[in-house]
Amino acid sequence: MNGTDAWGFAKNAANADDHRPSHTTDAMATGQRQVPRTTDQPHHPTRTTDVNEPARHAADEPQRTARAALTRILEPGDETAGRWLREMGPEALWHALSGDTAPPKGASTTKVDGLRLRAARATDPGADLAAVAALGGRFICPGDEEWPRQLDDLGDARPIGLWVRGPANLRLWALRSVAIVGARACTDYGAHLAATLSAGLADRGWTVVSGAAYGVDGAAHRGALAADGATIAVLASGVDYAYPRGHTELIGRIAEQGLVAAELPPGDHPTRSRFVQRNRVIAALTRGTVVVEAEVRSGSLVTARRALALGRFTMGMPGPVTSGLSAGVHQLLRAEAMVVTNADEVVELVGSIGDLAPERRGPTLARDLLDPIATRVLEALPARGAADTAHLARESGTPRDLAQGKLLELQSLGFVQKCGERWELARRAETTDASRRGGT
């Protein structure tokens, strides 16, 4: 399966440009391996502006307001509510759940009653929109220029909208993005892998997406920031609610240099189920997901398998087989994921045709350059002691004159030495005790 097939974003021709960077007209999605850094093209794309944008927003302001209200009423990933939204539209659904009109067709009384209790706190969505604007953020809805259309692959589980902080254009950054996820209680090995991989991807012009959690997530974001690269944090809370609290400064840095995105409105807090649902957004937003250290029951595997189901690339970085923190990754690698060890190998999978990782080779030894006859003559020499030319010719199956010529060649290259009329392997310099022990 080639990179275009596995990318899997284009479910219809209308969205193909968003899902295949090599064909898009966006300046930051040319499909090249690296994003050139020049004076007229900054490394981080900023939000694009349009003179018609204020008028367009004014025209769809009621729908935007309704979607903002629904993010406070509905839980992320609720496919039943997503179906209602698709069938009724945001304004009608908001009024139905607020009790102004009849409930959605086929909705259970219990579910509607629960949602109407929540709707009582969603009477002023304008305040949420003003709150995120005060942070320098915005609320992005499906159909907006900045909306990443690959999220539509989630179907009825698609986000109602995304609350975003940061100066960059979310859609453009998501076109060339990779998710890096893994254990919260990761080892130093896992943190090093995540940071190094992120820095390598950032250097190649790719956006690193993660969840801003402790462990692998935090290391991934820091690696991208340290490389002056692009990174997106997808939160399971409001964009103004830093969680975990220990990452308040990190999330603030991401909001300044990168992007912070969330489905939940300002002030909302995370829950266990919201973390799980947050993972589906990470999986859908990116071209592929890399798992760095994960136990068998890790939530990172949920992200990876959701990515696989969406047709994205799923990758894993192996660790020690004795480590429980790598057991989940190894289980994933046995049947569902590709092994990657560095940024080049990730880009080879998720990038454009021709983005090949360099082939790895061991060091070339002088013996590797010998021709086959010289190699046979050299291998005929005893490990200890010496042998005459006739013996070596016989043992190597080589005519005497040819064997004599190859021995002289081997002598000039330092492989053998002559001892009277006999030949022996050249003596190498004795290693010192310090060198044997790795000293200097």
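Okay, so let's go over this structure. (Residues numbered from 1 in each chain as written. Predicted model: local features only at pLDDT ≥ 70, side-chain atom pairs only at ≥ 80, totals over all residues. Heavy atoms only, no water.)

### Topic: the overall build of the protein
Under the convention used in this document: Numbering goes from the N terminus for both helices and strands, where a helix is a DSSP run of H or I of at least four residues and a strand is a run of E of at least two. Here the term buried applies to any residue with accessible area under 20% of the maximum for its type, exposed to any over 50%, and partly exposed to those in between, with areas from a 1.4 Å probe on protein chains only. Surface accessibility in these figures is a Shrake-Rupley result with a 1.4 Å probe; residues are shielded only by whichever protein chains are displayed.
Secondary structure summary: the protein contains 20 helices and twelve strands in total. Counting only residues that meet the buried cut, the protein has 51% of its 440 residues in that class. With the model as given, the accessible surface of the protein reaches about 21,000 Å², and the carbon-plus-sulfur share is 52%.

### As for the side chain of Arg138
Our working rule: For the purposes of these results, a polar contact is taken to be a pair of N or O atoms within 3.5 Å, where, inside protein, one atom must be able to donate a hydrogen and its partner to accept one; residues adjacent in sequence count only when each atom of the pair is a side-chain atom.
Of note, Arg138 is situated in strand β1 (residues 138-140). Relative accessible area serves as the criterion here: at 9%, Arg138 is assigned to the buried category. One polar contact links the side chain of Arg138 to the main-chain carbonyl oxygen of Gly166, over a distance of 2.6 Å.

### Remarks on the packing of aromatic side chains
Note the cut-off: What counts as a ring pair is set by centres within 6.5 Å for rings of Phe, Tyr and Trp (its six-membered ring), and what kind of pair is set by the plane angle: stacked under 30 degrees, edge-to-face over 60, tilted for all other angles. Criterion for a charge above a ring: Lys NZ or Arg CZ within 6 Å of the ring centre, and within 35 degrees of the ring normal.
All chains considered together, the criterion is met by two aromatic pairs. A centroid spacing of 4.3 Å and a plane angle of 35° characterise the contact between Phe139 and Trp163, whose relative ring orientation is tilted. Remark: Trp163 occurs in strand β2 (residues 162-165) and Phe139 occurs in strand β1; sequence separation between them is 24 residues. Here the two residues Phe139 and Trp163 agree in accessibility, since each one is buried. Positioned above the aromatic ring of Trp206, the side-chain terminus of Arg176 is 4.5 Å from the ring centre. One Lys or Arg, Arg184, reaches over the ring of Phe275 and ends 5.3 Å from the middle of that ring.

### A word on the pattern of salt bridges
Pairing of side chains with opposite charge becomes possible as their charged atoms draw close. Condition: Criterion for a salt bridge: a side-chain nitrogen of Lys or Arg within 4 Å of a carboxyl oxygen of Asp or Glu.
Applying the stated criterion to the full structure yields 18 salt bridges. Between Arg274 and Glu75 there is a salt bridge, and its shortest N-O distance comes to 2.7 Å. One end of the pair, Arg274, is in helix α13 (residues 272-285); the other, Glu75, is in the loop between α4 (61-73) and α5 (79-88), and 199 residues separate them in sequence. Classification of Glu75 as partly exposed rests on a relative accessible area of 24%. For Asp78, the salt bridge goes to Lys111, with nearest N and O atoms at 2.9 Å. Placement of the pair is Asp78 in the loop between α4 and α5 and Lys111 in helix α7 (residues 109-119), with a sequence separation of 33 residues. The exposure class assigned to Lys111 is partly exposed, which follows from its relative accessible area of 27%. By sharing partners, the salt bridges in this structure join Arg72, Glu75, Arg118, Asp128, Asp268 and Arg274 into a single network.

### Let's talk about the sheet that holds strand β3 (residues 177-182)
Heads up, the condition is: Two strands are counted as paired when DSSP detects at least two bridges linking them. Only heavy atoms matter for contacts: two residues are in contact if any of them lie within 4.5 Å across the pair. For every element, the axis is a line fit to its C-alpha atoms; helices are fit only across the contacting stretch, and the angle between N-to-C directions ranges from 0 to 180 degrees.
Read across the open sheet, the nine strands follow the order β1-β2-β6-β5-β4-β3-β7-β8-β9; overall the sheet is mixed. Two strands close off the open sheet at either side, each with one partner strand: β1 and β9 (338-339). Bridge count between β3 and strand β7 (residues 288-292): five bridges; the pairing is parallel. Within β7, the residue paired with Gly182 across the bridge is Val292. This element, α4, spans β1 and β2 of the sheet and lies at about 95° to β1. Together, β3, β7, β8 (313-317) and β9 form the strand contacts of helix α16 (residues 343-350), whose direction differs from that of β8 by roughly 165°.

### Describing the packing of helix α18 (residues 389-396) against helix α19 (residues 400-412)
As a reminder of what qualifies: Oblique is the label for any angle not under 35 degrees, not over 145, and not in the 65 to 115 range, which are roughly parallel, roughly antiparallel and roughly perpendicular in turn. Following the grouping adopted for this structure description, the nonpolar residues are Ala, Val, Leu, Ile, Met, Phe, Trp, Tyr, Cys and Pro, the charged ones are Asp, Glu, Lys and Arg, and the polar ones are all others, Gly among them.
Here α18 crosses α19 at 105°, and the two axes come no closer than 9 Å. Classed by the angle they form, the pair α18 and α19 counts as roughly perpendicular. Every residue of α19 that contacts α18 at Thr389, Ala390, Leu392 and Ala393 is listed here: Arg400, Ala403, Gln404 and Leu407. Classifying every residue of the contact of α18 with α19 by side-chain character gives five nonpolar, two polar and one charged.

### Thoughts on the environment of Ala294
Residue placement: Ala294 occurs in the loop between β7 and α14 (299-309). We classify Ala294 as buried; its relative accessible area is 0%. Considering only alpha carbons, one finds Ala294 and Cys186, 108 residues apart in sequence, at a separation of 8.1 Å. Once residues within four sequence positions are removed from consideration, Ala294 is found in contact with Ser300, Leu301, Gly324, Leu325, Ser326, Ala327, Gly328 and Val329.

### Quick notes on unusual backbone geometry
Omega for the bond connecting Tyr243 with Pro244 falls within 30 degrees of zero, at 0°, which places this linkage in the cis form. Checked against the element boundaries, Pro244 lands in the loop between β5 (231-235) and α12 (248-257). Positive phi, close to 60°, is recorded for Glu293, a residue that is not glycine. Note on placement: Glu293 falls in the loop between β7 and α14.

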